[in-house]
Amino acid sequence: MENLAVAFGERMKNVLDGKAAVVTGAGRGCGRAIAIGLAKAGAKVCCVARSGDEIDSAAQEIHAGGGQGISLRADVSDLNSVEAAFAQTVRAFGGIDIVVLSHGVAGGLGPVDQSDPELWKRTVEINLVGTYYGARAAIPHLKARGAGKLIVVGSGQGHQSSASTSAYACSKAGTWALVQSLAAELVPFNISVNELLPGNVKTRLYDETFAQV
C-alpha cells in the first residue's frame with residue numbers, strides 16, 4: 001500500500017504544471033492541506049485568509065517542498081478585499097485556472113432560542129456570502145482562461161443538519177444551492193463547479209466548535 005501511495009504521488013506530481021490556483025481558508029485545516037496538495041501537483045498557489053501568519057506559513061511550506069506559492073490577506077466577507085486578492089493573484093501568476101473556496105466558521109452553535117444572533121449572522125456572512133463573493137470575484141478570471149475549476153468545500157451539515165448547528169448548517173445548505181446555480185450558469189464557459197464534501201475531519205475548527213456540541 002505504501003508503494004502504491006508513493007507511485008500515485010509521483011504520477012500526480014506534475015499534473016497541474018502551468019496552472020494557477022487560489023485557495024481561501026488556506027491557513028489551516030482542509031484549506032491548507034488542499035493548497036499544499038495543489039502545489040505538490042505542480043500548480044502555482046495563492047493562499048488566502050485573514051490570518052496573515054498562518055497563510056505565510058502555508059506559502060513557506062509550499063516553497064520548502066519545491067513549489068510556488070504566495071500568501072495574500074483578505075476578508076471573504078468584504079467583496080473589495082476578495083476582488084483585490086484575485087487581481088493580485090492574476091498579476092503574480094498571469095491568470096487563474098483553479099479556485100477552491102475552503103473558508104469557514106461555525107459560530108452561533110446551540111439551540112436556536114439560546115444562540116447568539118450576531119454569531120449566527122456572522123457564520124452565514126462568512127460561509128455563504130463569503131462564498132458568493134469568492135465566486136463572483138473568480139468568475140471573470142476563469143472566463144478569461146476559457147476554462148476552469150471552481151470547487152466549494154461544503155459539509156454534510158448542509159445536506160442533513162443536526163441539533164445545535166443551525167447557523168453552520170443553513171450556511172452550508174446555502175452554499176450547496178449556490179454551487180448548483182453556478183454549475184448551470186458556467187457550463188457554456190467550460191468552467192466546472194463542484195462541491196467537495198470531505199467528511200468529518202479533525203481540524204482546529206472541529207476541536208473549537210463541533211466537539212463541544
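Predicted model only: the values in this text are computed from it and were never measured.

**Quick notes on helix α2 (residues 29–40)**
Moving on, step 1. With twelve residues, α2 extends 17 Å between its outermost C-alpha atoms, agreeing within 8% with the 16 Å of an ideal straight helix rising 1.5 Å per residue.
Moving on, step 2. The first or second residue beyond α2 is G42, which carries a positive phi of 110°.

**Section: helix α5 (residues 117–145)**
Moving on, step 1. Compared with the 42 Å implied by 1.5 Å per residue over 29 residues, the 41 Å span of α5 between its first and last C-alpha is a close match.
Moving on, step 2. Its side-chain oxygen at 2.9 Å from the backbone nitrogen of E118, D116 defines the N-terminal cap of α5.

**Section: the layout of surface pockets**
Moving on, step 1. Volume-wise, the second largest pocket comes out at about 260 Å³.
Moving on, step 2. Surrounding the second largest pocket, 14 residues form its lining, A39, K40, G65, G66 and G67 being those nearest its centre.
Moving on, step 3. Elements with a minimum of two residues in the lining of the second largest pocket: α2 and α3 (52–64).
Moving on, step 4. A total of three residues in the lining of the second largest pocket trace back to one element, the largest contributor, which is α2.

**A word on the pattern of salt bridges**
Moving on, step 1. In this structure the tally under the stated criterion is six salt bridges.
Moving on, step 2. Between E54 and R28 there is a salt bridge, with its nearest N and O atoms 3.2 Å apart. Residue E54 is located in helix α3, and its partner R28 is located in the loop between β1 (20–24) and α2; the two are separated by 26 residues in the primary sequence.
Moving on, step 3. The class for E54 is buried, based on a relative accessible area of 19%.

**Some thoughts on empty space enclosed by the protein**
Moving on, step 1. For the structure on display, the rule yields one cavity of 30 Å³ or more.
Moving on, step 2. Space inside the largest cavity adds up to approximately 60 Å³.
Moving on, step 3. Lining of the largest cavity is provided by V22, T24, V48, A74, V76, V82, A85, F86, L101, H103, G130 and G134.
Moving on, step 4. Looking at the lining of the largest cavity, the elements that each hand over two or more residues are β1, α4 (79–93) and α5.
Moving on, step 5. Top contributing element to the lining of the largest cavity by residue count: α4, with three residues.
Moving on, step 6. For the lining of the largest cavity, a count of residues per class yields eight nonpolar, four polar and no charged.

**Some remarks on unusual backbone geometry**
Moving on, step 1. For S164, which is not glycine, the phi torsion reads 75° and is therefore positive.
Moving on, step 2. Tracing the sequence through the fold places S164 in the loop between β5 (148–153) and α6 (166–186).
Moving on, step 3. S164 sits in the partly exposed class, given a relative accessible area of 22%.

**Let's talk about the packing of aromatic side chains**
Moving on, step 1. Summed over the entire model, instances satisfying the criterion amount to one aromatic pair.
Moving on, step 2. Ring centres of Y132 and Y133 lie 5.6 Å apart, and the angle between their planes is 45°; this geometry places the pair in the tilted category.
Moving on, step 3. Here the basic side chain of K143 rests over the ring of F189, its NZ or CZ set 4.1 Å away from the ring centre.

**What about the confidence of the model for the protein chain?**
Moving on, step 1. Of all residues in the protein chain, 87% attain a pLDDT of 70 or more, and the chain-wide mean is 90.
Moving on, step 2. Throughout residues 4–8 the model reports pLDDT below 50, and contacts reaching past four residues in sequence, or to other chains, amount to zero contacts.

**Let's talk about the pairing of strand β3 (residues 68–73)**
Two faces, one strand: in a regular strand the side chains alternate between the faces of the sheet.
Moving on, step 1. Looking at chain direction, strand β2 (residues 44–49) and β3 are connected through six bridges and run parallel. Within the sheet, the bridge partner assigned to V48 lies in β3 and is L72.
Moving on, step 2. Traced from β2 through α3 to β3, the parallel crossover comes out right-handed.

**Observations regarding the environment of K19**
Moving on, step 1. Relative to the elements of secondary structure, K19 occurs in the loop between α1 (2–12) and β1.
Moving on, step 2. K19 sits in the partly exposed class, given a relative accessible area of 36%.
Moving on, step 3. Through-space distance from the C-alpha of K19 to that of G148 is 9.7 Å; in sequence the pair is 129 residues apart.
Moving on, step 4. If near-sequence neighbours (up to four positions away) are discounted, K19 is found in contact with A43, K44, D97 and I98.

Parameters at a glance
- Residues numbered from 1 in each chain as written.
- Predicted model: local features only at pLDDT ≥ 70, side-chain atom pairs only at ≥ 80, totals over all residues.
- Heavy atoms only, no water.
- Helix = DSSP H or I, 4+ residues; strand = E, 2+ residues; numbered from the N terminus.
- Expected span 1.5 Å × (residues − 1).
- Polar contact = N/O pair within 3.5 Å; in protein donor to acceptor, adjacent residues only side chain to side chain.
- 1 Å grid on protein atoms, 1.4 Å probe; cavity = no way out; pocket = protein on both sides within 12 Å on 5 of 7 lines; lining within 4 Å.
- Points joined across faces, edges and corners; volume = space filled by probe spheres on them.
- Salt bridge = Lys/Arg side-chain N within 4 Å of Asp/Glu carboxyl O.
- Buried < 20%, exposed > 50% of the residue type's maximum accessible area, 1.4 Å probe, protein only.
- Nonpolar A, V, L, I, M, F, W, Y, C, P; charged D, E, K, R; others polar.
- Phe/Tyr/Trp six-rings, centres within 6.5 Å; stacked < 30°, edge-to-face > 60°.
- Lys NZ or Arg CZ within 6 Å of the ring centre and 35° of its normal.
- pLDDT = per-residue confidence, 0-100.
- Contact = heavy atoms within 4.5 Å.
- Pairing = 2+ DSSP bridges.
- Right-handed = clockwise from strand over helix to strand, strands pointing away.

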